[in-house]
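Chain and residue survey
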Amino acid sequence: MNTVLRRTLALVLALLCTFATTLTTEAQHSPYMPPLKTVLTYNIRNATTDDGEVDFADVVRTIHQTDADFIALQELDSVTNRSKGKDVLRELAVLSRYYPIYCSSIDYDGGKYGLGILSKQKPLTVRKVSLPGREEARIMLVAEFQDIVLACTHLSLTAEDRMESAQIILNEARQNSK
């Protein structure tokens, strides 16, 4: 494994551990902290199974099994030829009974391709942050809710882009007070 990739993975792991430790510690010692929310991140590969079939119900079963409050989804088609003109996130939202939030990264196959969030509550604000991506445009979808700000992204395949993205993500996180 090359040095840049190792550093990227170490940075992401450190951030996740720090965030998780802070939340757990504060939750255990503060009666004023709101109840913890559960977040699932899920690369659904456009709801395509290993057999190449599109199966929205399979994705929704996974979501319901976790009972997550928020689901950050990557690799979503929106009315593409590949998805037979279906808005994949809308289909998942109807079946799961969650609020859908979609943000496109690129034009693709007659439609759009991007990220989404499904949530049990309606967002207060939603915005798109551009991230580096040499092989294709990359973004971060940021949604603010009553007690939490949630970000969803699908990082670039190149190590340099991921390192630069990590800095942008950290800067964005520092700007939020929730």
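Before reading on, note that the structure itself is shown above.
Residues numbered from 1 in each chain as written. Predicted model: local features only at pLDDT ≥ 70, side-chain atom pairs only at ≥ 80, totals over all residues. Heavy atoms only, no water.

1. Quick word on the overall build of the chain
Scanning the chain for helices and strands turns up 4 helices and 7 strands. The order of helices and strands in the chain, counted from the N terminus, is α-β-α-β-α-β-β-β-β-β-α. Considering the chain as a whole, with its 178 residues, one finds that 35% of them fall into the buried category. Within the chain, contacts between residues at least 6 apart in sequence are counted, and of these 59% link residues at least 24 apart. (Helix = DSSP H or I, 4+ residues; strand = E, 2+ residues; numbered from the N terminus. Buried < 20%, exposed > 50% of the residue type's maximum accessible area, 1.4 Å probe, protein only. Contact = heavy atoms within 4.5 Å.)

2. As for the environment of arginine 61
Residue position: arginine 61 is located in helix α2 (residues 56–66). Classification of arginine 61 as partly exposed rests on a relative accessible area of 44%. Along the backbone, arginine 61 and leucine 95 are 34 residues apart, and their C-alpha atoms lie at a distance of 9.6 Å.

3. Digging into the sheet that holds strand β7 (residues 149–153)
Read from one edge of the open sheet, 3 strands run β5-β6-β7, paired in antiparallel fashion. The sheet terminates laterally at β5 (125–131) and β7, the two strands that pair on one side only. The average undirected angle you get between the axes of adjacent strands in this sheet is 20 degrees. Both β5 and strand β6 (residues 138–144) contribute to a ladder of 7 bridges, which runs antiparallel. Opposite serine 130, over in β6, you have isoleucine 139 as the bridge partner. The strands touched by helix α4 (residues 159–174) are β5, β6 and β7; relative to β5, the strand with the most contacts, the crossing angle is about 150 degrees. (Pairing = 2+ DSSP bridges. Axes fitted to C-alpha atoms, helices over the stretch in contact; angles between N-to-C directions.)

4. As for the environment of tyrosine 108
If you trace the backbone, tyrosine 108 turns up in strand β3 (residues 99–108). Spatially, the C-alpha atoms of tyrosine 108 and aspartate 77 are 8.1 Å apart, while their sequence positions differ by 31 residues.

5. Side note on the pattern of salt bridges
One pass over the full model with this rule turns up 10 salt bridges. The partner of aspartate 58 in a salt bridge is arginine 61, with the nearest N and O atoms 3.5 Å apart. Of this pair, aspartate 58 and arginine 61 both sit in helix α2, 3 residues apart, roughly one helical turn. Glutamate 135 is paired through a salt bridge with arginine 138; the nearest N and O atoms lie 2.5 Å apart. Through salt bridges with shared partners, a single network forms among Asp55, Asp58 and Arg61. (Salt bridge = Lys/Arg side-chain N within 4 Å of Asp/Glu carboxyl O.)

6. A few points about the nonpolar core
Among the nonpolar cores identified, the biggest contains 18 residues, and Ile44, Ile71, Leu73, Leu92 and Leu118 are the most heavily contacted of them. Those elements giving two or more residues to this core turn out to be β1 (39–43), α2, β2 (70–78) and α3 (88–96). For leucine 92, the residues in contact, after removing those within four places along its chain, are Ile44, Phe56, Val59, Val60, Leu73, Leu76 and Leu118. Residues Ile101, Ile117, Leu141 and Ala143 belong to the second largest nonpolar core, which totals 13 residues. (Core = buried A, V, L, I, M, F, W, Y, C linked by side-chain atoms within 4.5 Å.)

7. Some points on unusual backbone geometry
For arginine 45, which is not glycine, the phi dihedral falls at a positive 50 degrees. Summarising the element assignment, arginine 45 is placed in the loop between β1 and α2. Look at arginine 45 and you get partly exposed, because its relative accessible area is 40%. One non-glycine residue, asparagine 46, lies in positive phi territory at about 60 degrees. Examined against the element boundaries, asparagine 46 turns out to sit in the loop between β1 and α2.

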